[in-house]
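# Observations on the model geometry
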Amino acid sequence: MAPTQLPAWSALAAHRDTSGSVHLRDLFAADPERGSALQFEAAGLMVDHAKQRITAETLALLTDLAEEADVAARRDAMFAGEHINVTEDRAVLHVALRMPKGRSLIVDGDDVVAQVHEVLDRMAAFARKVRSGQWAGQTGEPIKAVVNIGIGGSDLGPRMAYRALRPFADRDLKVRFVSNVDGTEFVEAVRDLDPATTLFVVSSKTFTTLETLTNATTARDWLLGGLGGDESAIAKHFVAVSTNAEKVSAFGIDTDNMFGFWDWVGGRYSMDSAIGLSLMLAIGPEKFAELLAGFHEMDEHFRTAPAEENLPLLAGLIGIWNSNFLGADTLAVLPYADDLGDLPAYLQQLDMESNGKHVDLAGRRVETDTGPIVWGQPGTNGQHAFYQLIHQGTRLIPCDFLGACQPLRDVGRHHDLLMANLFAQTEALAFGKTADEPARSFDGNRPTTTILVDRLEPKTLGAIIAYYEHKVFTQGAIWGIDSFDQWGVELGKVLAQQIIPELEGQEAPVLAHDSSTNALIARYRAARGRTV
């Protein structure tokens, strides 16, 4: 059944018509305890929804919606390893990646938790060798730089987490990330590195991804060019995160140094799998284990907590309210922590690739808007860029503000000033300001959620990411869509494969695209000095 046909959906629409425009000023005035009543805590996160345009009735109707949409049953099916990714007939088990050793989960006849820990143990042993200097390059020198080559989930997750956890990393080990097929990124990543002390981690499940294999081939050429062309060096300077042993071996990587994962791990949910190898090399196996523990604690909260205090469930439902009932098209993610500077980009993929769908699980066109447009950047920089639109623009833009109470680098007044800005912005967005001049008036009533942690540590980062994963899951379950496939990224890849030889060939190609694409290809070839 489409969500719009559920009784709770109709009740929410009626509730919106009668109370959806009530101002936050009035909601706070009517309830002196609102500030504490709408704060929720679990797994090291304090989530404050008091400045969302909701009441107790709104939350009650939203939890009714979750019950009628059977979100709990779909959640339980995911945790049990059922094939809830229907278009690919796969289980969805990123939650198994962080289950503790000793747990057992049998899926399609295999104990997936045991398999996960076998890979984690191999990763840890390898990381310890590299970090201690026991793993040497071709010339016998220890590794001093790690370059992660991947794209999408094979890049965004470890890149985001490395930036977030820099205070816990071995800063004598340079860690770089290359994802873009634009050669500039590779050139800049290695410009000050020595091939003799550089290790490449090539992350591609199939080992066929165009961008990743192009960059990996360029990295191989760079390495061999700097080490005299001895191809035996590849085995000492490259490892793979993949499941395609044949192609890994053909590339020159020793398959003993291949770390695998499974088809039930979606790319955007994979940073806590072997895809996180570069992160483990940076922060060490013990801190990586703390990260997994934070993921698992939030997993267990989502799995077991009642609806009225379930952090990811409530966040997902409030997002439904903002998007489908209040008309918001976007969600701004605003971390007041420079270490979380890559979080908005990471969440763009998590949310928009998961829930950017136009058909439901039965293949029918959906009847309502699905995933929001996710964007943002760290505070306070964003305040001097786009906050004007959030405060006084004509669009309703819900915002998630994130901050830590304790700084990891205590530099004078900086952290107090940073957090004062966070709290001030949420207050200003909620309550606004009246003034004699219209240009100086602020309507307020702009909804925000504030997420606070004590310190941004590996465990709390894991909890934050799992919180957003399960928020996205909740919304997909309400909309009745498959949050775990991504067919929308395939068409452009197929067409690119057709165009590549038309750009590279020396002879003028016979073009059969639309007139615009034909003209663009001709213009490009002319600029490159190739026959048109």
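The model shown is predicted, which means the values in this text are computed figures rather than measured ones.

### A look at unusual backbone geometry
Leaving glycine out, the prevailing phi sign among residues is negative, and the prevailing peptide bond configuration is trans. For the peptide bond that leads from Gly 379 to Thr 380, omega is 10°, which places it in the cis range. One non-glycine residue, Asp 70, lies in the positive phi region at around 60°. As for its placement among the helices and strands, Asp 70 is situated in the loop between α4 (56-68) and α5 (71-79). Of note, Phe 207 is a non-glycine position whose phi angle comes to about 60°, a positive value. Along the polypeptide, Phe 207 turns up in the loop between β7 (198-203) and α9 (210-226).

### As for the layout of surface pockets
Volume-wise, the largest pocket comes out at about 1100 Å³. Lining the largest pocket we find 42 residues, and of these Thr 209, Gln 486, Val 489, Glu 490 and Lys 493 sit closest to its centre. Put simply, the parts of the chain that give the lining of the largest pocket at least two residues each are α7 (153-164), α9, α15 (343-355) and α19 (490-504). Looking at the lining of the largest pocket, the element that brings in the most residues is α19, giving 5 residues.

### Here we look at the pairing of strand β6 (residues 174-178)
Of the pairings in the sheet, the one linking strand β5 (residues 145-149) to β6 comprises 5 bridges and is parallel in character. By the bridge assignment for β6, Ile 149 is matched with Val 178. In this fold, the crossover linking β5 to β6 by way of α7 has right-handed handedness.

### Focus: the sheet that holds strand β11 (residues 373-375)
Spatially, 6 strands are ordered β1-β2-β13-β12-β10-β11 in an open sheet, and the strand pairing comes out mixed. What marks the edges here is a single partner per strand, and that holds for β1 (39-42) and β11. The mean angle between the axes of side-by-side strands here comes to 15°, regardless of whether they run parallel or antiparallel. Here strand β12 (residues 399-404) runs beside strand β13 (residues 448-453); their pairing, made up of 6 bridges, is parallel. If you follow Leu 402 over to β13, its bridge partner there is Ile 451. Where helix α14 (residues 311-325) meets the sheet, it contacts β1 and β2 (45-48), and its direction lies at approximately 140° from that of β1.

### Notes on the state of the cysteines
All chains considered together, the criterion is met by 0 disulfides. The thiol sulfur of Cys 399 is not disulfide-bonded, and the nearest other cysteine sulfur, from Cys 405, lies at 20 Å.

### Quick notes on the packing of aromatic side chains
Applying the stated criterion across every chain, the model contains 21 aromatic pairs. Ring centres of Phe 207 and Phe 251 lie 5.8 Å apart, and the angle between their planes is 80°; this geometry places the pair in the edge-to-face category. Here Phe 207, found in the loop between β7 and α9, pairs with Phe 251, found in helix α11 (residues 245-251); they are 44 residues apart in sequence, far enough to count as distant. Taken individually, Phe 207 and Phe 251 each receive the classification buried, so the pair is uniform in this respect. Summarising the aromatic geometry, the rings of Trp 375 and Phe 386 are spaced 4.7 Å apart at their centres and angled 70° between planes, so their arrangement reads as edge-to-face. In this pair, Trp 375 sits in strand β11 while Phe 386 sits in the loop between β11 and α16 (387-392), placing the two residues 11 residues apart along the sequence. Taking the ring centre of Phe 28 as reference, the NZ or CZ of Arg 34 above it sits at 5.3 Å. Here Arg 75 stacks its cationic end above the ring of Phe 302, 5.9 Å away from the centre of that ring.

### Focus: empty space enclosed by the protein
In this approach a probe as big as a water molecule rolls over the atoms, and the regions it shows empty are the leftover space. On inspection of all chains with the given rule, the structure shows 4 cavities of 30 Å³ or more. Around the largest cavity, the lining is made up of 18 residues, and of these Gly 319, Asn 322, Leu 331, Pro 398 and Lys 471 lie nearest the centre. Elements represented by at least two residues in the lining of the largest cavity include exactly α14, β10 (330-335), β12 and α18 (458-479). By residue class, the composition of the lining of the largest cavity is 8 nonpolar, 8 polar and 2 charged.

### Concerning helix α17 (residues 414-431)
In an α-helix, one turn spans 3.6 residues; hence positions three or four apart end up facing the same way. Its 18 residues give α17 an end-to-end C-alpha distance of 26 Å, which sits within 8% of 26 Å, the value for a rise of 1.5 Å per residue. On the buried face of α17, the contacting elements are α2 (24-30), α16, β12 and β13. Immediately beyond the C-terminal end of α17, within one or two residues, lies Gly 432, with a positive phi of roughly 65°.

### Observations concerning a negative patch on the surface
On the surface, Asp 64, Glu 67, Glu 68 and Asp 70 cluster together into a negatively charged patch. Relative to the elements of secondary structure, Glu 68 occurs in helix α4.

### Quick word on the UniProt feature "active site" (unreviewed entry) in the chain
Per the UniProt record, the feature "active site" (unreviewed entry) sits at Glu 353, His 384 and Lys 493. Of the residues just listed, which span 141 residues, the most distant C-alpha pair is 36.9 Å apart, and they do not cluster in one region. Among the annotated residues just listed, those that line the largest pocket are Glu 353 and Lys 493. Given a relative accessible area of 21%, Glu 353 falls into the partly exposed group. Discounting chain neighbours no more than four positions away, the residues touching Glu 353 are Arg 268, Gln 348, Asp 485, Gln 486 and Val 489. At a separation of 3.0 Å, a polar atom in the side chain of Glu 353 contacts the side chain of Arg 268. For Lys 493, the position within the fold is in helix α19.

The rules behind these values
Residues numbered from 1 in each chain as written. Predicted model: local features only at pLDDT ≥ 70, side-chain atom pairs only at ≥ 80, totals over all residues. Heavy atoms only, no water. Helix = DSSP H or I, 4+ residues; strand = E, 2+ residues; numbered from the N terminus. 1 Å grid on protein atoms, 1.4 Å probe; cavity = no way out; pocket = protein on both sides within 12 Å on 5 of 7 lines; lining within 4 Å. Points joined across faces, edges and corners; volume = space filled by probe spheres on them. Pairing = 2+ DSSP bridges. Right-handed = clockwise from strand over helix to strand, strands pointing away. Axes fitted to C-alpha atoms, helices over the stretch in contact; angles between N-to-C directions. Contact = heavy atoms within 4.5 Å. Disulfide = S-S within 2.5 Å. Phe/Tyr/Trp six-rings, centres within 6.5 Å; stacked < 30°, edge-to-face > 60°. Buried < 20%, exposed > 50% of the residue type's maximum accessible area, 1.4 Å probe, protein only. Lys NZ or Arg CZ within 6 Å of the ring centre and 35° of its normal. Nonpolar A, V, L, I, M, F, W, Y, C, P; charged D, E, K, R; others polar. Expected span 1.5 Å × (residues − 1). Patch = residues over 30% accessible without salt bridge, like charges linked within 9 Å, V, L, I, M, F, W, Y side chains within 5 Å. Areas by Shrake-Rupley, 256 points an atom, 1.4 Å probe, with all protein chains shown as cover. Salt bridge = Lys/Arg side-chain N within 4 Å of Asp/Glu carboxyl O. Lys, Arg positive; Asp, Glu negative; His and termini not counted. Charge placed at Lys NZ, Arg CZ, Asp CG, Glu CD. UniProt positions renumbered as here; feature names shortened; annotations may be inferred. Polar contact = N/O pair within 3.5 Å; in protein donor to acceptor, adjacent residues only side chain to side chain.

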